[in-house]
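So you can see what is in the structure, the chains are spelled out below.
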Amino acid sequence: MEAGTVEPVTVEQLLARQGDAVGRRRATRRAAEPRPEPEVRDRRVPVASALGATRRDSRPDEVPAVRAGLPPVPGAARPAPEVGARPGPPPVPAAQAGLPPVPAAPAAPPVAQPSVQPAPPTVQPGLPPVPGSGASLWAPAERPTRRSGPIPPLPGLAVPPAPPVERPRRAKDRPPPSPGRRRAMRVATALVALLGVVVLYHLALYFYVDQRIDRVDALATDGPEVLAAELQDAADTYLVVGSGVPGQTGAASVATLVASVSPDGDRAVLISVPPTAMVDTPVCRTPDGDLRNPVTEAFASSLLDGGPACMVRAVQQLSGLRIDHYLGVDLAGLPPMVDALGGIPVCIIPSQATAAAAEPPPAGPSELSGEAAAGFLAPGDAGTDVTGAAVAERAQRLLTSTLRGALSTDTLLNPVALATFLNRASNSLTVDEQTTLGDLRVLASTLGDLSGDAVQRAGLPVAQVGYVPVGTDEAYVVLDRQATRSLFDEVIDGTRLPADVVEAQRAAQVAASQAAEAPEPAAEEAAGPAPLVTAPGEVTVDVLNGTATTGLASTVADALRAQGFGVGTVGNEAGTVNETVVRFGPGAEEQARTLAAAVPNSVLRPSDAIGAAVQLVIGPGYSTVVPVQVGAPAGAEVAPEPAAVEPEPAEPVSC
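Cut-offs used in this document
Residues numbered from 1 in each chain as written. Predicted model: local features only at pLDDT ≥ 70, side-chain atom pairs only at ≥ 80, totals over all residues. Heavy atoms only, no water. Helix = DSSP H or I, 4+ residues; strand = E, 2+ residues; numbered from the N terminus. Buried < 20%, exposed > 50% of the residue type's maximum accessible area, 1.4 Å probe, protein only. Contact = heavy atoms within 4.5 Å. Areas by Shrake-Rupley, 256 points an atom, 1.4 Å probe, with all protein chains shown as cover. Disulfide = S-S within 2.5 Å. Salt bridge = Lys/Arg side-chain N within 4 Å of Asp/Glu carboxyl O. Pairing = 2+ DSSP bridges. Axes fitted to C-alpha atoms, helices over the stretch in contact; angles between N-to-C directions. pLDDT = per-residue confidence, 0-100. Patch = residues over 30% accessible without salt bridge, like charges linked within 9 Å, V, L, I, M, F, W, Y side chains within 5 Å. Core = buried A, V, L, I, M, F, W, Y, C linked by side-chain atoms within 4.5 Å.

Asks: Describe the overall build of the protein chain, listing the residues and the values that go with them.
Replies: Summing up its helical and strand segments, the protein chain has 17 helices and 20 strands in all. Residue burial in the protein chain is summarised as follows: out of 655 residues, 36% are buried. In the protein chain, once contacts between residues fewer than 6 apart in sequence are set aside, the share between residues at least 24 apart is 69%. Approximately 38,700 Å² of the protein chain is accessible, and the part contributed by carbon and sulfur atoms is 57%.

This is how it looks when you write it as structure tokens:
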């Protein structure tokens, strides 16, 4: 081959050269990139070869392989064609063409070619440049995401370190409690559990009993008979009705008490209403839902014939008070309630109410059982409590002591005793629909805590006892209307009794105390009454028993027959009296005087309802029947009376 001539290069030699150069570049690129490029089936120009000027492993003397199907990269430099090379199809690698490799030919001398400056790298729009390198070569699929890791901070911008996250302290990180602390925690847990059980038990028992108590629609707080309702908004007024008084029937078996408590609860007034008091009951509704017409009747009949609602209306009509709570108590169930508590503590102060009991307890503090409570509640003589004030006071004291005993700590901590008491109480109590056990607890606590002048008691002023209206055979108690109105007006205005009533009560107590201590004065000679003009044989007497002693009317009738009196009807008095009464009709006054002379300590009382008859109503104070003489004074007594025994002075009792 001559000098200066170019040796022709065959296709096989060119393919061999290109294969060796391309293999070396591919090996370098695969070692640097973790992800292999997908296989390209069509022959295209690699981007890396087109941008060979920007890669460190590119050499300007290597001819990049051109693959068909890809357009040239904008801005990339095209390699100059070799001198003497003929245009033709792009070379195909021997490996893809399936030809055997051609051995390399001897290297030809270098041919001078014009210097080609590498083109500047092309920057794709929308991609920020990567720090420390040229234009960004990231593809859209190769952008960093949260899964691939955090985005590196921008150069020159200091990122403040994140604050340390305080990890919550776990139970395993705490020091173990000491043995003493563990024991204290166990004891505290046990006490809390026990307290919770006790509270839940009492709540369940409370709601159980509250549902079992009989409830009636008894209140009429908006009735037209209520006076000065705005003055009574803050006060609470209870109507406590005891039925089934031991040993009594009819009206006498009902004991009624009106309790008015001041708004502050610092004072209370208790007023008893006579069961046979003549009252006007307005229109009311019976338990069956029927309307009852207005009627004038005995106060107890409003309950026995009309029901609780009628008695509430009768009290409001009489007093002008607004009844806020109705409490009915079956007094026959009161002794079993006392036994359920194991007895109740009471303090007995001698009084007329205490003395009227069948079995009064000893004076001073004492413990009453159920049997003793029944004896204290029962009246000793029906005639000693004609107004019902004594039995109402005893029932109120027993009921208050019983409720206070049920609220004591000993009872509340004794589930058996408490459950027994509440079961028996639920069978004996009747309340209105708005009253709860909490209201009864307030009443018992208020009456039990107040003492002295804070609790004032009074009976309604009475004008006449044993009044028998025309056309009836029942005796009534006639109230003093004016004094009764003044009493209730003072209660409405200030929850207190009138000053004159309080002074009269104090004067009566002082007089009774002085009379018990002073000796009886000697009887002075005085002119006797007019002499008797009617013989006992001319008098026919109807004998009625007004006491609780069974068979007393028959005994007195036999005694009158023995003295020559004629005896007509023998029976029981429908009402109650507080003394022995001789009733007589018009024209029978002389016969009544003769009968009164035969029965000491009797009182003459005219009546238009019995015609010309003469009646003897046996009441308290009856002793015997004595003989009488015509012409003798009416007050003369033939049989001498036994000498009176002076009672020993009683020691003062304090509770």
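Next, the rest of the story.
Asks: Now, about the state of the cysteines: what can you tell me, with residues and values included?
Replies: Tallying each qualifying case throughout the model produces one disulfide. Across the disulfide from Cys284 sits Cys310; the S-S distance is 2.0 Å. Of note, the bridge from Cys284 to Cys310 carries an S-S torsion of about 85 degrees and is right-handed in sense. Highlighted residues: Cys284 in strand 6 (residues 284-285) and Cys310 in helix 6 (residues 308-319), separated in sequence by 26 residues. Its relative accessible area of 3% is what places Cys284 among the buried residues. Taking the relative accessible area as the measure of exposure, Cys310 reaches 0% and is therefore buried.

Asks: Could you give an account of the pattern of salt bridges, with specific residues and numbers?
Replies: Under the criterion given, the structure shown has ten salt bridges. One salt bridge connects Asp489 with Arg485, and the closest N-O pair in it is separated by 3.0 Å. In this pair, Asp489 and Arg485 both sit in helix 14 (residues 481-494), four residues apart, roughly one turn of the helix. On the basis of relative accessible area, Asp489 is assigned to the partly exposed category, the value being 37%. The exposure class assigned to Arg485 is partly exposed, which follows from its relative accessible area of 26%. The partner of Arg593 in a salt bridge is Glu590, with the nearest N and O atoms 2.7 Å apart. Pair noted here: Arg593 and Glu590 are both in helix 17 (residues 589-598), with a separation of three residues, about one helical turn. Looking at Arg593, the relative accessible area reads 14%, which means it is buried.

Asks: So what's going on with the sheet that holds strand 9 (residues 325-330)? Which residues, and what values?
Replies: The strand order across the open sheet formed by seven strands is 1-12-9-2-3-4-13, and the pairing between neighbours is mixed. Since the sheet does not close on itself, it has two edges, and those belong to strand 1 (214-216) and strand 13 (455-459), each with one partner. If you compare each strand with its neighbour and ignore which way they point, the axes differ by 20 degrees on average. Two elements, strand 2 (residues 236-243) and strand 9, share six bridges in a ladder whose sense is parallel. What sits directly across from Val240, in strand 9, is Leu327. Against the sheet, helix 12 (residues 415-428) engages strand 9 and strand 12 (429-432), with an angle of about 65 degrees to strand 12.

Asks: Summarise the confidence of the model for the protein chain; cite the residues concerned and give the values.
Replies: Taken residue by residue, the protein chain gives an average pLDDT of 75. The fraction at 70 or more is 65%. When the elements of the protein chain are averaged for pLDDT, helix 2 (residues 47-50) gives the smallest value, 44, and helix 6 the largest, 95. Here residues 134-139 is a poorly scored stretch, pLDDT under 50, and it has 14 contacts once near neighbours within four places are set aside; other chains count. Note on residues 636-650: pLDDT under 50 across the span, and two contacts to partners over four residues away in sequence or across chains.

Asks: Go over a nonpolar patch on the surface with me, naming the residues and quoting the values.
Replies: Together, Leu195, Val199, Leu200, Leu203, Tyr206 and Phe207 line one region of the surface with nonpolar side chains, adding up to about 590 Å² of accessible area. As for its position among the elements, Phe207 is in helix 4 (residues 179-212).

Asks: So, the environment of Gly289: which residues are in play, and what are the values?
Replies: Looking at the element boundaries, Gly289 is found in the loop between strand 6 and strand 7 (291-292). Between the C-alpha atom of Gly289 and that of Asp217, which follows or precedes it by 72 residues, the distance is 9.9 Å.

Asks: Quick rundown of the nonpolar core? Include the residues and the values.
Replies: Leu327, Leu398 and Phe421 are the most contacted members of the largest nonpolar core, which totals 50 residues. Broken down by element, the residue count for this core peaks at seven residues, all from helix 10 (residues 389-406). Those residues in contact with Leu327 that lie beyond four places of it in its chain are Leu239, Val240, Val241, Leu399, Leu429, Thr430, Val431 and Leu440. Within the second largest apolar cluster, 33 residues are counted, among which are Ala277, Met311, Leu318 and Leu487.

Asks: Describe helix 9 (residues 370-377), and please don't skip the residues or the numbers.
Replies: Among the residues of helix 9, Gly370, Ala373, Gly375, Phe376 and Leu377 are the ones counted as buried. Packing partners of the buried residues in helix 9 comprise helix 7 (334-340), strand 10 (344-348), helix 8 (352-355), strand 11 (364-368) and helix 10.

Asks: Break down the environment of Ser351 for me, with residues and values.
Replies: Within the element layout of this structure, Ser351 appears in the loop between strand 10 and helix 8. Once the C-alpha coordinates of Ser351 and Ala390 are considered, the two residues, 39 residues apart in sequence, prove to be 9.2 Å apart.

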